[in-house]
Every structure is written in C-alpha cells, then in structure tokens.
Amino acid sequence: MTEQPPNKNAAWSGRFSEPISELVKRYTGSIGFDQRLALYDIQGSLAHAEMLAHVGLISSTDLASIERGMARIRADIEAGQMRWSLDLEDVHMNIEKRLTDLIGDAGKRLHTGRSRNDQVATDIRLWLRDAIDEIDAALTALQAALLDVALLHTDTILPGFTHLQVAQPVTYGHHLLAYVEMFSRDAARLADCRARANLLPLGAAALAGTTFAIDSERVARRLGFDGVCRNSLDAVSDRDFAVEFCAACALIMTHVSRFSEEIVLWMSPQFGFIDLADRFCTGSSIMPQKKNPDVAELARGKSGRVFGHLMALLTLLKGQPLAYNKDNQEDKEPLFDSADTVLATLRIFAEMVPGIVVRPGNMRAAAQRGFATATDLADYLVRRGLPFRDAHEVVAQAVRQCVERGIELEGLSLPELQALSGAIEADVFAVLSLEGSVAARRHIGATAPERVRAEIAWHRERLAAASTSRASS
Ligand code: ARG
C-alpha cells in the first residue's frame, strides 16, 4: 500500500494518515444543504467571539479581525459569491476556513471553548426561530383572509354534514371559522415550540462543557435567547424542538388538507358549492372542459411529505445514545422541507381563499334536500312538552312519510303534521325553514349569523392583540 499524503484541508488532518475516501466525503458532507444556516452560523460565531474577548480568552484585536472577516464573508454569501467546498464538509468548517484565509491566526482562535456539536445546535435554533416567525405571519394572513370571507357569508346557508350526509344547516361563515380555530391552535403550538427552543446550547462544547471560563449567559442575551441549556449532554443531543416543530407543521398540513378536500369536493359539478378563480386552477391537456383544483390537491398531497419528516425525526432520535451522534446531521433536510412546504402552502391559501367563488343557490338547494331541519322539529316538540326521545320518534315518522312520498318536511300539510303529534301548531313552519334553523342557534360556538359576526370580531381582536404584542417584543 502506498502512503497517501494527509488531506491538509481537514480540521483533523493531524490524526489521520490518509485522505478521506471520495465516497465517504460525499456521504458525510452536509455543505449541500447546511449552507442554508450560514448567516446564523456567522451570527452565532460573532456572539461567541465577543464573549471570548469580553472574558479575555482572545484579544480585542482578534475580535476586530474576526468581525471584519465575518463581515466580508457575509457580504460574499449575500452576493452569492461564497465558494462552498465539499472538502470542508459542512457550513461551519467552510466559514471557519474562509475566515482563517482572510485574517490568519485570529480565525483559528474562534473555535476556543466550542465544538461543532454545540455550534450546529445553536445555528438550528436560530434558524428555527425565524422559520416559526415566518410561518406565524403566514398563519395570521390566512386567518385574516378567512375572516374577511366569513364576514361576507354570515347569512349564506349550506348543509352541514356528518358522515358526509346532510345533517343540519349551517352558515358558510361559521364553516370558515372552524378553520380559523384550527389555524389559531397551530399558531399557539408554534409559539409553544419556539419558547422551548429559545435556549442557548453553545458552551456545551463537544458534550461535557469546556475548561475555559466562558460566559454563556452573555452569549444568550446577545443572540436573543431566553436562557442557557442547563445540561451539556442534553444541549448537544436534544432535537426535541425539531420534532415539536415538525409535529406542529404536520398538523398545519392536516388542517390545510381537510380544507383542500372540501374545496375539491365542493368544486365538483356534483356539489357545485364553489368555484375557484381561474388563476388558481389548471386545465387538462386532453379534456378541454376541465378546470382542476390542482393547488388544493397538491396541498393535500404535500401533507404526506411533512408527516414523513415528523416520522423521520422521531426515528432519527430514538436509537441515539448520549450525546451527539452524526445521525443528527439528518435533522436538517426534514426541518427545511417542512418549513418550506408549510410556508408556501399557507401563503398560496391566503391568496386563494378570497378567490373562492361561492354558489349560494346550490348550497341552499343542497340544504333543502335531506331533512336538514328534522332536529329543529324535534326541538320544537320538546318546547311543547314532549320528552326528547318521543319527539325524536315523531319526527322519524314524519321523515319516513316524506321519503315515501318524495317530499321534504315543509311539504307536509299542517293537518298531516298534527296527525303525527297534537302538539304541532301553525308556527311549526318557521322552525322548518333553513333561516329559522340557523338563527335559532345563537349561543357561543353556534352557527347563527349574529353569533358568527360576533366571533369574527372576537378573532379580529385576537389577531390584532397578537400583532401588537409581537411588535413590542
Ligand atoms: N454537520 C454536522 C451536523 O450537522 C455538524 C456537527 C458535526 N460534529 C461532529 N462531531 N462530526 O450535525
């Protein structure tokens, strides 16, 4: 075997007698995807260097050189001129090598008291905070769009479904508010995840902490973290926040996917409840009549990859002994793709929601078929003194007669209704109407137009308060 020269680029070249195999280099390198963390890596390094200088571990001249070098690297990255090299494996070593090329020994002192293990954990948390803030803004925009459309349709009636069978009439505004509730919980989940992720792991070094008298709290303050991770082994190996984030993303996609399913169904000629603005649809290359809700279908489909990322991260973690293992390098692509997918999806939905054209006539016609006010008739009988179970039975008889004769409940005459129950009087027809049915459901959480208007106002105040508190924090 011929002796190969050590690979002088690698940070650990002193320990090795031959260069890394090409295949291994490509297999283990992460620069292809972790360069996305570059600006966070620089931000973390600058805070670390400032602390090193503050506690006297590097000179103020070194700090000035590091700041100058990093400013240059940042400018190169922003201009798309940074040359990333697979020989340097990952974003951390690419930046450190470039820094050292630019400023010499001061660049080599930057890694004092830290490791790539705590460095990468810091970078991801910094990235995640911004990703969450962007998704939160998109969730707010989507909720605002849903509220605007809901306000236009507080009185628009469609059938509410259970088991996809006509159940009771509801208002379209009320239906849309159900999604506002879901997306508001999603925002709360992300805020919760952000709060737990917002602690500084830097200072854990490789796994056991460092022999230098560092000031992690200073670094934490500078980077806007709420505090410092309190166990070094956990700090470098914890990716719970990544799982939590992907779980929150998975639920967001679940909600978007349910909404998408309704868009697809409702746009079909069989339902005909809605139409979508042409700019959100695509045609068919063979069937000239087609106008397809591709965005909704794709969003429904993309939920699958986000669920997959959640599974990938759980699986990634479950077999790892403490502390850091290279397995963790696999956390980034699921995280990035989850954030990208969710953000793109929410943004397009916020634009598409106002472009949904409602067909109130078709909605109403569907609500009129299928005895949607049968429960209202039973409730009417309860108010007239019948126990609910007996009232239920009377209405069941009425429905059965209607089915046999192919008519709706309003099609029964007063004498026919009275033959079923003596408690029925002429005012019964008001409760059999769709408007009467929805208007009667006035309590918190119900579908009456006046209640929906109140809920919209409540949600708008909630969103405004959240944006004020964001602006002041
Ligand atoms: N690229 C690595 C990652 O993403 C950085 C940390 C590497 N640490 C190590 N000991 N190999 O996790």
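Heads up: the structure comes first, above all this text.
Conventions adopted
Residues numbered from 1 in each chain as written. Predicted model: local features only at pLDDT ≥ 70, side-chain atom pairs only at ≥ 80, totals over all residues. Heavy atoms only, no water. Phe/Tyr/Trp six-rings, centres within 6.5 Å; stacked < 30°, edge-to-face > 60°. Helix = DSSP H or I, 4+ residues; strand = E, 2+ residues; numbered from the N terminus. Buried < 20%, exposed > 50% of the residue type's maximum accessible area, 1.4 Å probe, protein only. Lys NZ or Arg CZ within 6 Å of the ring centre and 35° of its normal. Core = buried A, V, L, I, M, F, W, Y, C linked by side-chain atoms within 4.5 Å. Contact = heavy atoms within 4.5 Å. Near = heavy atom within 4 Å. Polar contact = N/O pair within 3.5 Å; in protein donor to acceptor, adjacent residues only side chain to side chain. Areas by Shrake-Rupley, 256 points an atom, 1.4 Å probe, with all protein chains shown as cover. Nonpolar A, V, L, I, M, F, W, Y, C, P; charged D, E, K, R; others polar. Salt bridge = Lys/Arg side-chain N within 4 Å of Asp/Glu carboxyl O.

## Topic: the packing of aromatic side chains
Then step 1. Across all of its chains, the model carries nine aromatic pairs by this definition.
Then step 2. Look at Tyr172 and Trp266: their rings are 6.2 Å apart centre to centre, the planes differ by 50 degrees, and that puts the pair in the tilted class. With Tyr172 in helix 8 (residues 172-197) and Trp266 in helix 11 (residues 240-267), this residue pair connects regions lying 94 residues apart in the sequence.
Then step 3. Judged by its relative accessible area of 6%, Trp266 falls in the buried class.
Then step 4. Consider the rings of Phe271 and Phe273, whose centres lie 5.2 Å apart with planes at 80 degrees: the pair is edge-to-face.
Then step 5. Accessibility expressed as a relative area gives 21% for Phe271, which makes it partly exposed.
Then step 6. Residue classification places Phe273 among the buried residues on the basis of a relative accessible area of 2%.
Then step 7. Each residue in the set Phe161, Tyr172, Trp266, Phe271 and Phe273 is aromatic and connected to the rest through ring pairs, giving one cluster.
Then step 8. Residue placement shows Arg36 over the ring face of Phe336; its charged tip is 4.6 Å from the ring centre.

## Here's the deal with the nonpolar core
Soluble globular proteins: nonpolar side chains tend toward being buried together.
Then step 1. By size, the foremost hydrophobic cluster in this structure holds 105 residues, and its most contacted members are Trp127, Ile135, Tyr172, Phe245 and Leu346.
Then step 2. Sort the elements by how many residues they give to this core and helix 7 (residues 116-152) lands first, with 16 residues.
Then step 3. Setting aside residues no more than four positions away along its own chain, Leu346 makes contact with Ile135, Ala138, Leu139, Leu142, Phe183, Ile252 and Val256.

## Thoughts on the site of the ligand
Then step 1. What surrounds the ligand is the set Ser30, Asp34, Asp90, His92, Arg116, Asn117, Val120, Tyr324, Gln329 and Lys332.
Then step 2. In this structure, an oxygen atom belonging to the ligand sits 2.5 Å away from a side-chain N or O atom of Lys332.
Then step 3. Calculation on the ligand without its partners gives an accessible area of 340 Å², and the protein chains cover 86% of this total.
Then step 4. It is helix 7 that contributes the most residues to the shell around the ligand, three residues altogether.
Then step 5. Considered class by class, the residues forming the shell around the ligand number two nonpolar, four polar and four charged.

## Some words on the pattern of salt bridges
Then step 1. As enumerated under the stated definition, the model contains 35 salt bridges in all.
Then step 2. In this structure, Glu89 and Lys326 form a salt bridge, with 2.6 Å as the shortest nitrogen-oxygen distance. Pair noted here: Glu89 is in the loop between helix 4 (60-78) and helix 5 (91-103) and Lys326 is in the loop between helix 12 (294-318) and helix 13 (332-352), with a separation of 237 residues, a long-range link.
Then step 3. Note on Lys326: relative accessible area 35%, which makes it partly exposed.
Then step 4. Its salt-bridge partner being Asp136, residue Arg470 comes within 2.6 Å of it at the nearest N-O pair. Taken together, the residues span a long stretch of sequence, with Arg470 in helix 20 (residues 449-472) and Asp136 in helix 7 at a distance of 334 residues.
Then step 5. Since its relative accessible area comes to 13%, Asp136 is described here as buried.
Then step 6. Overlapping salt bridges bring together Glu89, Asp90, Arg116 and Lys326 as one network.

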